[in-house]
Amino acid sequence: MTPDLSCYNIADLRERARRRLPHGIWEYAERGVEDEGGMARNRAAFDRVTFRPRVLRGVQKVDTSTDVFGGRAAFPLALAPTGAAGLLWHKGDLALARAAATAGVPFTISSASTMDLEQIAVAGGRLWFQLYLWEDRSLSYAVVDKAHDIGCEALLVTLDMPVPPNREYIHRNGFGTPFKLNARNTLDVLWHPRWLASVMGRYALDGGVPSQANLPDRLRAKVTKGAPPGALFKQDDLDWDGIKELRDRWPGKLVLKGVLHPEDAERALALGADGVVVSNHGGRALDSSIATIDALPEIVSTVGGRMTVMLDSGVRRGSDVIKAVALGAQIVLAGRAPLYGLAAAGEAGVSRALDLLHSEVSRTMAMLGARSVSEIDSRLLG
Ligand SMILES: Cc1cc2nc3c(=O)[nH]c(=O)nc-3n(C[C@H](O)[C@H](O)[C@H](O)COP(=O)(O)O)c2cc1C
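What comes next is a walk through the structure. (Residues numbered from 1 in each chain as written. Predicted model: local features only at pLDDT ≥ 70, side-chain atom pairs only at ≥ 80, totals over all residues. Heavy atoms only, no water.)

How two aromatic rings sit relative to each other is set out by the distance from centre to centre and by the angle between their planes. All chains considered together, the criterion is met by 4 aromatic pairs. Between phenylalanine 69 and tryptophan 128, the ring centres sit 5.8 Å apart and the planes meet at 65°, which makes this aromatic pair edge-to-face. Of this pair, phenylalanine 69 sits in the loop between β1 (66-68) and β2 (71-73) while tryptophan 128 is found in strand β5 (residues 127-131), placing the two residues 59 residues apart along the sequence. Like tryptophan 128, phenylalanine 69 is buried. Through a chain of ring-to-ring contacts, three or more aromatic side chains come together here, namely Tyr132, Trp134 and Phe233. When the ring centre of phenylalanine 51 is taken as reference, the NZ or CZ atom of lysine 323 above it lies at 5.7 Å. (Phe/Tyr/Trp six-rings, centres within 6.5 Å; stacked < 30°, edge-to-face > 60°. Helix = DSSP H or I, 4+ residues; strand = E, 2+ residues; numbered from the N terminus. Buried < 20%, exposed > 50% of the residue type's maximum accessible area, 1.4 Å probe, protein only. Lys NZ or Arg CZ within 6 Å of the ring centre and 35° of its normal.)

To continue, consider the site of the ligand. Near the ligand lie 23 residues; those nearest to it are Pro81, Ser110, Thr158, Asp312 and Gly314. Contacts to the ligand include proline 81, whose backbone N or O atom sits 2.8 Å from an oxygen atom. Considering the ligand on its own, with 600 Å² of exposed area, one finds that the protein chains cover 99% of that surface. When contributions to the shell around the ligand are tallied by element, the ones reaching two or more residues are α2 (23-30) and α15 (336-368). Grouping the constituent residues of the shell around the ligand by class yields 7 nonpolar, 11 polar and 5 charged. (Near = heavy atom within 4 Å. Polar contact = N/O pair within 3.5 Å; in protein donor to acceptor, adjacent residues only side chain to side chain. Areas by Shrake-Rupley, 256 points an atom, 1.4 Å probe, with all protein chains shown as cover. Nonpolar A, V, L, I, M, F, W, Y, C, P; charged D, E, K, R; others polar.)

Let us now look at helix α3 (residues 37-48). The end-to-end C-alpha separation of α3 is 16 Å, in line with the 16 Å expected for 12 residues at 1.5 Å each. Buried within α3 are the following residues: Gly38, Met39, Asn42, Ala45 and Phe46. The buried residues of α3 occupy one face: seen down the axis, they fall within an arc of 135°. Facing away from the buried side of α3 by more than 90 degrees, the exposed set consists of Asp47 and Arg48. (Expected span 1.5 Å × (residues − 1). Arc of directions from axis to C-beta.)

The next subject is the packing of helix α12 (residues 262-270) against helix α13 (residues 292-303). Where α12 contacts α13, the two axes come as close as 9 Å, and the packing angle between them is 35°. The element α12 and its partner α13 pack so that their crossing is right-handed. Residues Pro262, Ala265, Glu266 and Leu269 of α12 pack against Glu298, Ile299, Thr302 and Val303 of α13. For the contact of α12 with α13, a count of residues per class yields 5 nonpolar, 1 polar and 2 charged. (Axes fitted to C-alpha atoms, helices over the stretch in contact; angles between N-to-C directions. Left-handed = near helix turned anticlockwise from the far one by under 90°. Contact = heavy atoms within 4.5 Å.)

As enumerated under the stated definition, the model contains 21 salt bridges in all. Between arginine 31 and glutamate 27 there is a salt bridge whose closest N-O contact spans 3.4 Å. Among the ionic pairs, lysine 234 bridges to aspartate 236, the shortest N-O distance being 2.6 Å. The exposure class of lysine 234 is partly exposed, given its relative accessible area of 31%. We classify aspartate 236 as partly exposed; its relative accessible area is 47%. Several salt bridges share partner residues, and in doing so they unite Glu15, Arg18 and Arg19 into one network. (Salt bridge = Lys/Arg side-chain N within 4 Å of Asp/Glu carboxyl O.)

By the secondary structure assignment, histidine 90 is in the loop between α4 (85-88) and α5 (92-103). Remark: the alpha-carbon pair of histidine 90 and alanine 343, spanning 253 residues in sequence, is separated by 9.6 Å. Dropping the residues within four chain positions of it, histidine 90 is found in contact with Ser198, Val199, Arg202, Tyr203 and Asp206. Polar side-chain contacts of histidine 90 include one of 3.5 Å to the side chain of arginine 202. Only 3.2 Å separates the side chain of histidine 90 from the side chain of aspartate 206, close enough to count as a polar contact.

Among the 5 residues that make up strand β7 (residues 253-257), 4 are buried, leaving the element largely enclosed by the rest of the structure. Across 5 bridges, the pairing between strand β6 (residues 154-158) and β7 is parallel. Among the inter-strand pairings, valine 157 is bridged to a residue of β7, identified as leucine 256. As defined by bridge partners, β7 adjoins strand β8 (residues 275-278) across 3 bridges and the pair is classed as parallel. Looking at β8, one finds that leucine 256 is bridged to valine 276. (Pairing = 2+ DSSP bridges.)

Tracing the chain through its elements places aspartate 93 in helix α5. Buried aspartate 93, no salt bridge; nearest opposite-charge side chain is lysine 91, N-O distance 10 Å. A polar contact is formed between the side chain of aspartate 93 and the backbone nitrogen of methionine 115, at a distance of 3.4 Å. Every residue in contact with aspartate 93, bar those within four places of it in the chain, is listed here: Thr82, Ala85, Gly86, Phe107, Ser113, Thr114, Met115 and Ile120. (Lys, Arg positive; Asp, Glu negative; His and termini not counted.)

What follows is the structure, given as structure tokens:
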């Protein structure tokens, strides 16, 4: 059972996370890029979608579960890949994976996780793996093979960062990699002794500063060091042939994450991909991107029914999940919402975030007169 954290919605958990984390780490987890128009647009677009509920449907029993890639999810949500989890909480990747398994929803391991795949897999539950390609492609292929060996069902290849995003605050706060101590970030960290002791203190006790865990030992660089040659993510040369190679190599479900154009979705389908995530990386990649809920309908009308369409970016309420499903998404991914829970209270906080979203999904469905996910469609929208 999740302890009472006195948090009644995702915004409460967000506030707790903000207070607990050093400012530089909080901004890394929370902020977007440039002027953050994309983040605001994602939310504004969700808010513009309204419901037209049905009444007198008998909603004593509401079944929130859904199928995705041949397995059941307790409600239409999976945890998005988030590389910074290990800086928000000690062994944060494992805490996220455990809470997802308990909640009965899939968890996506990030290529940039600070724990390696086997360490995360002990959580059990349904696992997906997100891929950024390293400059040395053979490293990526080795990790992809390992993801298959540990039982990941799906490979999500993230495409919306062909070049590094413009996150000015990272430099302003002095939290870039390699991480270098200066007066500003030292004060910031010292000002958050609980985080320092419970996150960095515990890493110090079990072997030191976290590093990119999915690389072979010889290439793992601590966050305080620059990456050795070949060990940086680099995708500016990735094209459809590169995706074809991955398709030929990966026997499980292949999903392209960060698709906003229907023609790209069509091309993904033609190439044999099983799904797309309509995503603008939570407003963290290209600031002036279209809001995902606005991009969704055209993509669904192009490839819906022929491949799995998922959506992320800006999901903060159960009603957002239902809006996406009503517009044709199979499932949504949540990035920051579980991270707020993680930073607030570790695994218990993530469980709290997922419980809140699940109960909001269930309540919204009842209010709409939808007794199962299959009864949610665009006729319930205003
Ligand atoms: C702190 C943080 C780290 C992230 N790391 C990754 C990552 O390693 N790989 C990836 O594909 N997306 C990453 N994302 C993007 C998420 O997978 C997802 O697309 C986004 O968070 C969805 O928006 P939301 O945070 O509003 O739910 C990250 C997002 C955040 C907030």
